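Remarks on the overall topology
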Amino acid sequence: MPTSTQHLALKPTTLLTLYSIIFLGSAGFFITIPAYVSLFLTDHSLAIAQNMPIEQRRTLFGTVMSAAPFISMFFTPLIARFADRFSRKTTMVLCLIIAAIGFAMPIYAIVIGSIALLFAGNMINSIGSASQPIAQAILADNSRGKTKATLMSLVAVVMTAAMSFGPALGSKLSATYGTQAPFYACLVIAVVCLILLNLVRLPPQRSLQNENPLSFIAPLKRSQQGLLPCLAIVFICQFSWSLYFQNIAFIFPQKWNISVESSFYQYFMMAIGVVMISSLLILPRIILARINVNAALRITTLFAAIGMILLAITPTPNTHIAAMIFTAVMVAISFPFYITALSDRASEADQGWVMALSSAMVGLAWTLSGYLTSLFVNINLILPTAIAAFGYLIAMVLVPRKTATVTVVAH
C-alpha cells in the first residue's frame, strides 16, 4: 500500500498516453468549433443549412455548442464511478471508441447534409470525453504531494494548449482542407490514443468489491472533511476566470475601440495561453517547496482577486496587458493547487469519481458564464470582471484550514 511519503512513478509512455487522452478531451471541442461555425454561420454552409435563415442557424449553433457540455456533465460522473468500481483502462477504451464514433459521424453528416446526424455525433463525442477525468484519476492515484501538483500542472498545460491553440488549428484545417478536416484530425487523435492505451500497462487499480457504482453516498462517506468546499472552489474559480475571459470580447471594442478581428486582440488572446502555460511549467513545484497546497491555494486565489480588480480599473490597453499577465499567472497556478486539494480529500478508490465531478464543475462554470456574461455586460461593462474578483475572494475563504491526509481503502 502506498503511504503519504511514497511517490509512485508512472512510466514516460504511460504519461504520454494519459496526457494524450486528456488533450483529446479538450481539443475535441475546441478544434471542431471553426467547422461548426463554417457549417452553420457563414456563407459557405454547404447543403447542411443553406435553406435556413441566419437567426435559425445561430440558434442551432448555440444548441449544438451548449448541449454537449450538459450531456457530459450528466454522464461523466456515472461513467467514472463504473471506472473506479471495475476497470479504468477498459472504461477509457470504451470512451475512446465512443469518441471516435462521435468524430466519424459529423464527417458522414457533412457528406449527406444531415443536421440530425451532425448533432448526434457531437452528443456522442461528449460522452466519450469522459476518458479525460479517468486519465486524470490515474495520475492523481499514483502520485503524492509536490509530484501530484506537478502532474496536475501538466494537465492544466495540456488543457490550456487545447483551449488556446485548438481553434486556430481547426480554422487552418478547415480553410485548407474543408470543414471535414477538423473532425478527421480529432478522429486520428482518438485512434492514436486508443492504440497507445492498449500498448501500455497501467498501475494496479484499487477498487471496491460489491459496491453499487450508481451510488454516490459511499464515496462521500469515505471522503475527508473539506471535499465539498474544494469542489465548490473548482466551480467558483473556473466560473470567475471564464467570466473575465468572455468579457474580453466586450471590453476591447467598447472601451478602447479595438475590434476582435484586430491583430492586437489576436496577440492578446495568444499571450494569455503562453503566460498560463509558462507559469504552470515553472511555478507550482517551486511554490510547494516552501508552503503547503492549502496555503498556496489561499495566496493564489487572493492574488487572482486582486488581479481581477486591476483588470477592471485599467485605463489603457497597455496597462490592461500588464494586469492580464499578473492575473493569468495567478489563475493558472491556482488550478493544480485546487485540483490537488480536491483529490487529496477523496480515497484512492474514488479518484475517477472526484476527477469527474471536477470536470463537471468546469463544464458547468463555462456553460453558465457564456450566457451570464452577456447579461452582466448589459448592466455594466466591467461587471463580469468585478464579479470574478468577488468569486476568487469567496474561493479563498472556502480553502480548508486542515491539510488532508492520505486515505487508503482496502480491496
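Residues numbered from 1 in each chain as written. Predicted model: local features only at pLDDT ≥ 70, side-chain atom pairs only at ≥ 80, totals over all residues. Heavy atoms only, no water.

**Structural notes on the overall build of the chain**
- Of regular secondary structure, the chain possesses 15 helices and zero strands.
- In the chain, buried positions account for 55% of the 411 residues.
- Put simply, of all contacts in the chain between residues at least 6 apart along the chain, 84% involve residues at least 24 apart. (Helix = DSSP H or I, 4+ residues; strand = E, 2+ residues; numbered from the N terminus. Buried < 20%, exposed > 50% of the residue type's maximum accessible area, 1.4 Å probe, protein only. Contact = heavy atoms within 4.5 Å.)

**Quick notes on empty space enclosed by the protein**
- All told, the structure shown has two cavities of 30 Å³ or more when counted by the stated rule.
- What the largest cavity holds in volume is close to 40 Å³.
- What lines the largest cavity is Leu24, Gly25, Leu96, Ala99, Phe103, Asn125, Gly128, Ser129 and Ser131.
- When residues in the lining of the largest cavity are grouped by element, the largest group, three residues, is from helix H4 (residues 88-112).
- In the lining of the largest cavity, the residues fall into four nonpolar, five polar and no charged. (1 Å grid on protein atoms, 1.4 Å probe; cavity = no way out; pocket = protein on both sides within 12 Å on 5 of 7 lines; lining within 4 Å. Points joined across faces, edges and corners; volume = space filled by probe spheres on them. Nonpolar A, V, L, I, M, F, W, Y, C, P; charged D, E, K, R; others polar.)

**Here's the deal with the packing of H4 against helix H5 (residues 115-128)**
- The N-to-C vectors of H4 and H5 enclose an angle of 165°; their axes lie 7 Å apart at closest approach. When the axis of H4 is compared with that of H5, the two are roughly antiparallel. The handedness of the crossing between H4 and H5 is left-handed. Residues Cys95, Ile98, Ala99, Gly102, Phe103, Met105, Pro106, Tyr108, Ala109 and Ile112 of H4 form the contact with H5, whose own contacting residues are Leu117, Leu118, Ala120, Gly121, Asn122, Ile124, Asn125 and Gly128.
- Across the contact of H4 with H5, the residue classes break down as 13 nonpolar, five polar and no charged. (Axes fitted to C-alpha atoms, helices over the stretch in contact; angles between N-to-C directions. Parallel < 35°, antiparallel > 145°, perpendicular 65-115°, else oblique. Left-handed = near helix turned anticlockwise from the far one by under 90°.)

**Some details on the confidence of the model for the chain**
- In this model, the chain carries a mean pLDDT of 86, and residues with pLDDT of at least 70 account for 89%.
- A low-confidence stretch, residues 1-7 (pLDDT under 50), is modelled with 16 contacts involving residues beyond four sequence positions or located in other chains.
- Predicted confidence is poor over residues 407-411, with pLDDT under 50, and the contacts of this stretch with residues over four places away or in other chains come to 20 contacts. (pLDDT = per-residue confidence, 0-100.)

**Concerning the packing of aromatic side chains**
- A full pass over the atoms with the stated rule returns 14 aromatic pairs.
- On the basis of an interplanar angle of 70° and a centroid distance of 5.7 Å, the ring pair of Phe245 and Trp366 is categorised as edge-to-face. Of this pair, Phe245 sits in helix H10 (residues 227-256) while Trp366 sits in helix H14 (residues 351-379), and the two are 121 residues apart along the sequence.
- The buried category is assigned to Phe245, whose relative accessible area is 19%.
- According to the relative accessible area criterion, Trp366 is partly exposed, its value standing at 24%. (Phe/Tyr/Trp six-rings, centres within 6.5 Å; stacked < 30°, edge-to-face > 60°.)

**Thoughts on the nonpolar core**
- Ranked by internal contacts, the top residues of the largest apolar core, which has 112 residues, are Met92, Leu139, Trp241, Tyr244, Ile272 and Met308.
- Taken domain by domain, the makeup of this core includes at least three residues from each of domain 1 (9-202) and domain 2 (223-399).
- Every residue in contact with Trp241, bar those within four places of it in the chain, is listed here: Ile272, Met276, Met308, Val331, Trp366 and Tyr392. (Core = buried A, V, L, I, M, F, W, Y, C linked by side-chain atoms within 4.5 Å. Domains from an automatic or database assignment.)

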